[in-house]
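# Residue-level structural notes
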Amino acid sequence: MIQDIPVVIRAEGDRDSSTCAWQGGCSSLDAVNRLLTILAVVGTTGCFYTDEINQRPSIAIDGIGDEVYRGDKVALTQTHDDPEGHFIKFTWRAYACTDGEGGADCDTEPFYSDILDHAGFTVPFIRDGGLPVRNVRVILEAKDELGATAKPMQELVIVTLDRPPGLQLERGGNFVMTPNRAITISAAVSDLDDGPASLGTPKWEVFAPTQTPGTLADPVVMPPPDPMPDKIRTFVKTFTPSTVGEWEIRVTATDPLDRSTTKSLMFTVVPPPPPCIAQLAPIVPTGGAALPITDPTLFRVPVVVDDLDVFPAQSGDPALGVTRFEWWFKGPGAPAHTVVDNATASSFSFDPAGYTPGDIVEIRVQIYDRENTPMNCLPTDPTCSVISQPSCIQRQTWRVEVR
Amino acid sequence: MKTAFALVLALLGACAGDLGPAGDDGGQCDVSITYTPSMPVAGPTSEVRLSSAVTNSSGAHSYTWTVFKGGILVPTTDAQGNGSEVTFIADAAGPYSVTLDVVATLGGSCPQAHATVNVLRDATFETMRLHIVPPITAMGPTVDRLIQVHDGTDFDIGPVVLEASTLASGTVRNSSGVGIPAYVQFYPLGMTGAMVETFASGTGAFTARLLLQPHDVIVIPSATNIAPERLTNYTTTGALPMLSAPDSISGTVHQGATPISGARVQLTIDGVPTTLATTAANGTYTVLGHHAAPGKLVKVEITPPAASGLPRLEASGMLSTQLAIDANYAGITLRNLSGVAVRRGASALPNRPVVIVGQVSSTSMIAGLASTTGYVRIPTTTDAGGNLPSVLAPATTLFAVTTVAPGDLAVGSVAAGTPAAIDAPAMTTLSTIGAGGADALSGVTLDLIPKDELAAANAPALHFIADSSGRVAGSIPTGGTYDVRWSDPQGRRGPLVAYNKTTIDTSYALPPAVYVSGDVTITGSSNPIVGASVQLLCESCTGVDKSRPIAEVATDGHGSFRLAVPDPAAM
């Protein structure tokens, strides 16, 4: 019985890629020779037998975004087609290049190779010779289970960008900026692909609201070393504005490939706010009333809020000082208050036993920070606010009745 | 053994999903931590047992305990087989920070619970008052509670939750029901140190932020002819009771058979003053108040006219105010100090203020009380020649406090007879150092609180700030007596107080500090209380020292505080 098996030679669009299949695979010349042999056999026997000719798989690398940065993770997939639906083995290779066209300036050895249906790698920062990576050339080859390889092999050139330096600016303290008060400004620089050490010292610029420049200096006390110097380096300057207005501190970090990052801190420098009495004890009488005192009493200012000098002292902020107190006293029948010498603590003790019951005395406290803003209120004013805000006073007066 | 119920902060977190640990009642998963013993003492074998309680979560749970001491992880041992209880060895004193994460096997996790185990160095302690006054914007009440500061042991109080309060309002009314202006003090029952004060307006209207509990109220009317009164058990939801009709309390002030007119008389009955009276020409007086209940202390103060030269008399005792309360000056001889020179060395001191002060021993008595004491405070001024004008004073040894110049005071003795002169010695140079062990303490403060003669003359406290080497330099009145108070604003050492010192030592060693820390919050709010005044006060002190802080801070931006307190072991 003669089996009639059709011969099918399937051509791809690309004639060069047409192929045949014979068990372990064959070349075009092999296929022709095999065909002649079959024809000879057929001539001898009157029939012939042939296997289906295997065809090459076709492949393509699926695209990714236009740009990647050095150090980025890249994941690639492929699309393929094999006419016979054979299993296809994919071989990926990735080369670090400076100019990757045609592999003219790429490393000899791939930095990544794998046999998978997908690829995943991290873009290296530098080539074997130490040059920064500008491109990555990815080669994909495929072979079906009968050994037919996809031709041509697929190539993808990924443009690799230099990541700009990271830059984080931060000011010290949260106080209101006032003229001639120094603050620290820290610039934390990083560079994921070149490393912070390659950046050098950032460029600092001061933009003043007037012709009078502010001072930008190295700190007197050096900051502690960076905990992760291989990732972040911190540069610190002390900035002292000289006048009120809008100030800008601009910092620029530049990497070896001239990529730079610029950031700014804007400061509104205002006249110094005065300290404010936040709490008082005992209660302050108002409206002409008098506080009856029968026992020795401590007149106190338990809390003063300020951007400069506070009370009680805060040990955590070296920029903060302590409020200066001034106590005044007006005895029975005295024409005016007089300052009590050396009474500069936050409290003032008053013993009514030193007076006659029914006497009226007045105890006054005034507070100052290092600005020593003069109080322009009348001496007879029981309170005083140098900014004319009742919520922030620097003077308070107790009218006391000795009982 | 007591179980200490520690801080439970896991109340607000939600359990995740339907399969989460929410209970059948739909409530939120809660986790609490308890520990035993309640007051663990540090030691190599001191074992602390931590227990968990999980509510509103069904099924089994897994437990992850974390214990830190000063940032170092402390190993724990499973004590129950399922992780719900663990133990650790507390070999060092101080706070141990505990966190517990609970995961339900059915899925979801409960909020993390926190606790602080304060491990003591030993069982001895000092009792102090923690006094917290929130800023007015926080709308919170004053807190005043006792705490124990243990030897050598830092103590983390954890959250100090200000209790619920209300802005109470009302009217102060006299016995006729008419609103009157007054000074009003509210004392919450059980926390009298958290006194709140206010003024009632001309119509008697007042407002005050008070705890939601009964208060005792002391009303001191502005009008001196209306008797102050204590009103008990005022509740913030009710009206302030009217003042009741006062009682008249009378007596006579005399010196032998001679009535003393123009003397000021006031009584304080069980802490409430009466009205102020002035003796008539016949020495009689009448004050308005409320009769003392049996067993209540009555204090009587007689202030004679300054020109009389007689001392001010005070006496306290269990008196019947229903009877006449007489005061009799006896055993007092007066002299005139006219012409006595006041000098510094050979230099006359013309036109200088001088205050004659001193205790006066005599047989004078108020209502027969032997506790009667007398003292004088006679202000005067030297004449152009530097001599005293006509001044009557008891013929006993007294003292003259002379203001030679602003800030320049002198304490000189006034001999019992007729002294030829009163010396006003030059100021004494002060040079001393505040140190912490062998370390200089830059910026420490020194307060010299006048006592005795200087205090009687109302001399101010002296305040110094040390230089970078801890040194204080200045000058102080010679012959004065002071309480010496050192304090370190930076909290490196605890404060130091030395009482009644006539000389200042060349150096002082501030004691080691233990630290009391905590976080101030308010009921019903998760916001921290920023800028609250936090003070530690002396519990056993009296007088003005009771309100003088041992240590004080203001809460920071997180509502936290940390007070440096003298180690009780070093006191």
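Residues numbered from 1 in each chain as written. Chains lettered and ligands numbered in written order. Predicted model: local features only at pLDDT ≥ 70, side-chain atom pairs only at ≥ 80, totals over all residues.

### Overview of the overall build of chain B
Helices and strands together make up the secondary structure of chain B, namely one helix and 49 strands. Taking the principal axes of its C-alpha atoms as reference, chain B extends roughly 95 × 65 × 40 Å. Taken over 571 residues, chain B has a buried fraction of 46%. Sequence-distant contacts in chain B: of pairs separated by 6 or more residues, those separated by 24 or more amount to 66%. (Helix = DSSP H or I, 4+ residues; strand = E, 2+ residues; numbered from the N terminus. Buried ≥ 20, exposed ≤ 12 C-beta atoms within 10 Å, placed from the backbone. Contact = placed C-beta atoms within 7 Å.)

### Section: the sheet that holds strand S40 (residues 445-451) of chain B
Neighbouring strands of a sheet are bound in pairs by backbone hydrogen bonds; such pairs are parallel or else antiparallel. Residue and element names in this part refer to chain B. An order of S41-S40-S43-S44 is seen for the four strands of this open sheet, with the pairing classed as antiparallel. Two strands in the sheet have a free side with no partner beyond their single neighbour: strand S41 (462-465) and strand S44 (496-501). If you compare each strand with its neighbour and ignore which way they point, the axes differ by 15° on average. Across seven bridges, S40 lies against strand S43 (residues 481-487) in antiparallel orientation. Bridging from a neighbouring strand, Asp-447 pairs with Arg-485 of S43. (Pairing = 2+ DSSP bridges. Axes fitted to C-alpha atoms, helices over the stretch in contact; angles between N-to-C directions.)

### Observations regarding the interface of chain A and chain B
Each partner contributes to the interface: chain A provides 35 residues, whereas chain B provides 38 residues. At the level of elements, strand S17 (276-281), strand S18 (291-293), strand S19 (297-305) and strand S24 (347-350) of chain A are the ones that each hand at least two residues to the side of chain A that touches chain B. Sort the elements by how many residues they give to the side of chain A that touches chain B and S19(A) lands first, with five residues. When the residues that make up the side of chain A that touches chain B are grouped by side-chain class, the tally is 21 nonpolar, eleven polar and three charged. (Nonpolar A, V, L, I, M, F, W, Y, C, P; charged D, E, K, R; others polar.)

### So, the environment of Asn527(B)
Residues and elements named next belong to chain B. The residue Asn-527 is located in the loop between strand S46 (513-522) and strand S47 (533-538) in this model. Judged by the 10 C-beta atoms lying within 10 Å of it, Asn-527 falls in the exposed class. Taking the C-alpha atoms as reference points, Asn-527 and Ala-208, separated by 319 residues in sequence, lie 22 Å from one another.

### Quick word on the confidence of the model for chain B
Residue and element names in this part refer to chain B. Chain-level statistics for chain B give a pLDDT mean of 89 and a share of 95% at 70 or above. Predicted confidence in chain B is weakest over strand S1 (residues 4-5), with a mean pLDDT of 37, and strongest over strand S24 (residues 284-289), with 97. Both scores are available for the predicted complex, with the pTM at 0.72 and the ipTM at 0.83. (pLDDT = per-residue confidence, 0-100.)

### Brief notes about unusual backbone geometry
Residues Lys151(A) and Pro152(A) are joined by a peptide bond in cis, for which omega reads -10°. Inspection of the secondary structure puts Pro152(A) in the loop between strand S8 (135-144) and strand S9 (154-161). The phi angle at Asp452(B) is positive, at roughly 50°, despite the residue not being glycine. Locating Asp452(B) in the fold gives a position in helix H1 (residues 452-456). For Asn458(B), which is not glycine, the phi dihedral falls at a positive 60°. By the element assignment, Asn458(B) lies in the loop between H1 and S41.

### Quick notes on the sheet that holds strand S16 (residues 260-269) of chain A
Residue and element names in this part refer to chain A. If you walk across this open sheet you meet the three strands as S12-S15-S16, and the pairing is antiparallel. The open sheet has two free edges, formed respectively by strand S12 (203-207) and S16, since each of these has just one partner strand. Sheet twist, expressed as the mean angle between neighbouring strand axes with direction ignored, is 15°. Direction of pairing for strand S15 (residues 245-254) relative to S16: antiparallel, over a ladder of ten bridges.

### Topic: the pairing of strand S29 (residues 341-344) of chain B
Residues and elements named next belong to chain B. Two elements, S29 and strand S37 (residues 421-423), share three bridges in a ladder whose sense is parallel. If you follow Val-342 over to S37, its bridge partner there is Ile-422. Bridge analysis of S29 against strand S30 (residues 347-348) gives two bridges, and the strand direction is antiparallel. Among the inter-strand pairings, Arg-343 is bridged to a residue of S30, identified as Ala-348.

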